[in-house]
Every structure is written in C-alpha cells, then in structure tokens.
2 protein chains.
Amino acid sequence: MSVDYIIMIAQLQLQLNPSLYLRDPQSSDLGQRIITESIKLIDEMGFEAFTFKKLSIAINSTEASIYRYFENKHRLLIYLIAWYWNYLDYKINYETHNIKEPKEKLRIALKFIAKELSDDDMFSGVSESALQRVVIQESDKTYLTKNVDLDNKEGLFRGYKSLCVTIAEYVKQINPEFEYPHSLVSTCLEAAHQQVFFAKHLPTLSDINGKEDIHQQNLEFLTTFIFKTISK
Amino acid sequence: MSVDYIIMIAQLQLQLNPSLYLRDPQSSDLGQRIITESIKLIDEMGFEAFTFKKLSIAINSTEASIYRYFENKHRLLIYLIAWYWNYLDYKINYETHNIKEPKEKLRIALKFIAKELSDDDMFSGVSESALQRVVIQESDKTYLTKNVDLDNKEGLFRGYKSLCVTIAEYVKQINPEFEYPHSLVSTCLEAAHQQVFFAKHLPTLSDINGKEDIHQQNLEFLTTFIFKTISK
DNA sequence: AGCGTTTGATAGTTTTACTATTAAAAAAAA
DNA sequence: TTTTTTTTAATAGTAAAACTATCAAACGCT
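Residues numbered from 1 in each chain as written. Chains lettered and ligands numbered in written order. Predicted model: local features only at pLDDT ≥ 70, side-chain atom pairs only at ≥ 80, totals over all residues.

Draft legend 1. Up close: the relation of the copies chain A and chain B. Rotating chain A by 180° and moving it 0.0 Å along the rotation axis overlays it on chain B with an RMSD of 0.0 Å. With respect to symmetry, the two chain copies, as superposed, fit the operation of a two-fold axis. In terms of proximity to the rotation axis, the leading residue of chain A is A:T229, whose C-alpha is 2.7 Å off the axis. Same-surface contact between copies: 98% of interface residues of chain A are shared with the interface of chain B. (Least-squares fit on C-alpha atoms with pLDDT ≥ 70 in both. Contact = placed C-beta atoms within 7 Å.)

Draft legend 2. Structural context of the interface of chain A and chain B. At the interface, 45 residues of chain A touch 44 residues of chain B. Elements supplying a minimum of two residues to the side of chain A that touches chain B: α2 (29–49), α7 (128–138), α8 (148–153), α9 (158–174), α10 (181–201) and α11 (214–230) of chain A. Take the side of chain A that touches chain B: its biggest share by element is twelve residues, from α10(A). Of the residues belonging to the side of chain A that touches chain B, the class tally is 18 nonpolar, 16 polar and eleven charged. (Helix = DSSP H or I, 4+ residues; strand = E, 2+ residues; numbered from the N terminus. Nonpolar A, V, L, I, M, F, W, Y, C, P; charged D, E, K, R; others polar.)

Draft legend 3. Highlighting unusual backbone geometry. For A:N60, which is not glycine, the phi torsion reads 55° and is therefore positive. With respect to the element layout, A:N60 can be found in the loop between α3 (52–58) and α4 (63–67).

Draft legend 4. Spotlight on the protein's contact with DNA strand C. Near DNA strand C you find 14 residues, and of these A:A64, A:N72, B:S28, B:L30 and B:S61 are the closest. Ranked by the residues each element gives to the surface near DNA strand C, the list is headed by α4(A), at three residues. Residues that form the surface near DNA strand C fall into these classes: four nonpolar, six polar and four charged. (Near = placed C-beta within 6 Å.)

Draft legend 5. Focus on the confidence of the model for chain A. All names here are of chain A. Per-residue confidence for chain A gives a mean pLDDT of 90; residues scoring 70 or more make up 91%. Mean pLDDT across the elements of chain A bottoms out in helix α1 (residues 3–15) (42) and peaks in α10 (98). Here residues 1–12 is modelled with pLDDT under 50, and outside its nearest four sequence neighbours on either side it reaches six contacts, counting other chains as well. (pLDDT = per-residue confidence, 0-100.)

Draft legend 6. Region of interest: the environment of A:N93. You can see A:N93 is positioned in helix α5 (residues 73–95). Once the C-alpha coordinates of A:N93 and A:L106 are considered, the two residues, 13 residues apart in sequence, prove to be 11 Å apart.

Draft legend 7. Broad picture of the protein's contact with DNA strand D. DNA strand D sits among 14 residues. The nearest are A:S28, A:S61, B:T51, B:A64 and B:N72. Looking at the surface near DNA strand D, the elements with two or more residues in it are α4 of chain A together with α4 (63–67) of chain B. Examining the composition of the surface near DNA strand D, we find that three residues originate from one element, α4(B), more than from any other.

Draft legend 8. Quick peek at helix α11 (residues 181–201) of chain B. Here α11(B) contains 21 residues, and its C-alpha end-to-end distance of 30 Å stays within 8% of the 30 Å for a straight helix at 1.5 Å per residue. Burial within α11(B) is extensive, with 18 of its 21 residues counted as buried. (Expected span 1.5 Å × (residues − 1). Buried ≥ 20, exposed ≤ 12 C-beta atoms within 10 Å, placed from the backbone.)

Draft legend 9. View of the environment of B:E212. Along the chain, B:E212 turns up in the loop between α11 and α12 (214–230). Considered as a pair, B:E212 and B:A58 are 154 residues apart in the sequence and their alpha carbons are 35 Å apart.

So, in structure tokens, the structure goes:
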C-alpha cells in the first residue's frame, strides 16, 4: 500500500458530506461500531425490521447514543449508501486514471460496478460484501421519499450523482452525439443491482440465472446494453 | 364501449390474485373507498407517512374495518401496484392484438408504458394519474423486502411479470438471438418510472429535462435504448 | 320478521421512534 | 495531576403506529 493510496483514502473519507450525519461516525469507536453493525443488521433483517433499539443492543450501547450520530434510521441508510457510491466513484476514478481510450474506461467502470465484493474485502472495518447486499436491496429507498428534494439540496446524493456524471463523460467521449448519456448511465447503475436482485428473487424478470456466476452474466448484459445503445 | 370491452374489463378485475387481499375491495362500497382514498393519500404524503389511521379518517371509517380488507399497508400497496400492472398488461395486449409486426407491437407497448395518464382517466373510480405517480415513487418498495420470496410464491407480482414476459416476447420475435430479453425489458420498465422520478427530483441523473414534455422525452429515450440494444 | 354478514365504536397491546435528564467515564487542557 | 470538557450509559418517558379483540348496530336477503 503506497503513501499515495493512503492519502486518496483519507480524502475519500473526508469527502463524505457532513450533512450525512450529526456527529462523524468515523471519528469514534462507538461511531464505527454503529456503521459496521448497522450494515450487518440491515443485511440480515432488512431495513424495515431494522431499528435503533436492535442496533443499540448489538453494539452494547443505547438508542440515545446512536441518535447523537444520526437523526434517524433513514439518515443512517443514506450515509451507508453514500459511503458505497463514494467508494465506487473513488475506485473507478483511480483505476481509469491513466487510461486514455474512453471505451476502455467505460469497460473498467462497468467491471467495478458489476463486480461482486467478497467477504474479506474490508475497508476500515466495513464488510463490503454485506454493504453491497444492502445497496442491492435498500439503495432505492434512500431517495424514493417525499423528502428527496430537501435531502438532495443538502447534497446527500452527491456520491451517486458524481459517479453517474463520471461515467456519462466516458459515454460522451465515445459518442458525442448520443443524447441521453446521464439517463443511460443511471439506468445502467440501477440495472446493475436490480438484475442481481431479480436473478435471486424474481427470476422471471431476468435472463441471468442463479446457477452460473450472476455478477459475470450481469456484467455481460450491462456491457452489451450500454455499448450497443451508444453505437452509431 | 363494446360488450367485448366490458367483458375484458371484468376479466381483468377478476384476474387480480385473491392473495392480494383479505376481502375483495372491489366487492363493496367501503372497499372501493379504501382503494380510491389510499391512492390519493399515498400520492400526497408518500407511503412512509401513510397510515391506516389516516386512511380511516379520510373514508370516515375505522382502522379495524380496513384491516378486514388488507392485512397491512404493505399488502395494500402491493394491491394498488398490481392493479396498475394488470391494467397496463391488459391495455397493451388489447392494443397490439391485431398487429402482426413485432417492431410495431414493441413500439405500441413502449408508448403505453411511457404515457402519462391524465387526471380524467378514471377506471372504476380510480384516479389513474394519481396511481401512476404512486407507481413512480413507490412501486419498487413492493418487492424490495425480506419477504419477496414468500410474496412471490403467493403470486403477488404476477401482473408485473406477465407484462415483462409479454414484451420480452416481442423482443425475441424481433431478434431471436438476443440473449437478455427479460433483463432488457425489466430494465426498461424500471427505467420508465425511474427516469420520470429523476427528471423531477434528481435531474443530474437524467437528460430528460422538466421543461419539455417529460413523458415524450422518456419515450424517446426508452425507444432508442431498447431498439439499439436488440439491433443486430 | 328473522338471519347472517358487514360495519362502526370502543378499547387495549406492543413496538417504534423519538426526547430529556442525569450520572459516570473518558479525554483533553491546565 | 488535577480540573474541565466532552462523550457515553442508564433510565425514564411520550406520542404515534401497527395491530387485535369485542360487541352492538345496521344492512341485505329470504
């Protein structure tokens, strides 16, 4: 691990919008336990059944203490999902940094978007595989609320938008005449987790079958769909 | 309105899976009020803030009475969304019935998927425009739960899957070699409402701008991406 | 008029989503 | 090392949500 790499990570952490929390969970032991355990719990029981009461028991603390870090469980979810998109955005920017060819950049981006994170991928104590499952099942709930406009004004969705814009840039470079780069990329980002969910739970809605490598098939689908759509 | 049409509607209503409710809301005045008012309320306040208590006040009845029709508010949402997909599936089947050319069938299907329903479109007392807004904002919540597999086994998502399969058939007829017809169509169906939501609330994620006709632009985007993806 | 079904009224339980207060513990400053 | 400040834990409490149960009134039907 080079010094540069450490600096990049530090910046990545700092980039998380302070509006995402009341008190920075990265700044204390309790805060970090809130993050790691909430990912586990939401992954296991789903966001609806998840409560601060249950979380407080899991981390051997109290509800009141958790409320000092996050206004409510919805905000905590937004934080977790934002962390993931920021992480992906960082990773994709890092991996495509010295690539010239936009098609290659797009290919790399898609690879990271569709890639399954493994259980031993850990990033400052966070189980990335559990977080990825949380993203697959819960991410849309962050913005599908009557509060979107206010939350968006606070910049809570910055990471996701940034990632979308980054990749839309590659699309524009490949085909400057294509009229819907952002729509295509957001559709693709959404499809990336939707198709995994469908493959596992509503297989009629997908041709990706659970028997083979879901993430590999998904990558092929997304690649086909995005490159064909922007072809001239 | 022809007799055939009436029969089709009757069938459409009957096709709604009885597992969707405890007591058929179409069968009584109170049941119908539950449906029409719940659509209004969810549209206005969002699904999270919506409660049976509020609904009972709106329909001048009691919580207990509503619980005789639906097990809980999540089941009611599933019912409303299922109604919409069944309605769309019926409409698309009806409108493409005597069309031979699969490309034309697909075009018609997309037209109905992307079409904005107007305030005066009413179908047995249901405000279709309000229901469509509910679909845009809430539909994904029907299946993004830990209960999906059980709900799916009960056939609660039959309408959506049926619509997806119908359109995937057109895709297969246009290009039998295309490997992901269902994935492409489910991606398209999801994008159809996602893009409207993004255009209104997270415009960075979309090229569809709120100033012009969102639904028309959306149709163009969806048409471009689906036809390009399946082109040889 | 009598019967079964549907609805309304009322009441009660458990859980969730918070807020407030105070004391103890830990960290930082003097 | 003592003092001060900040953080956390413990406890308690509230309002609303998500139900369940009971019973009587109303209604539709034969």
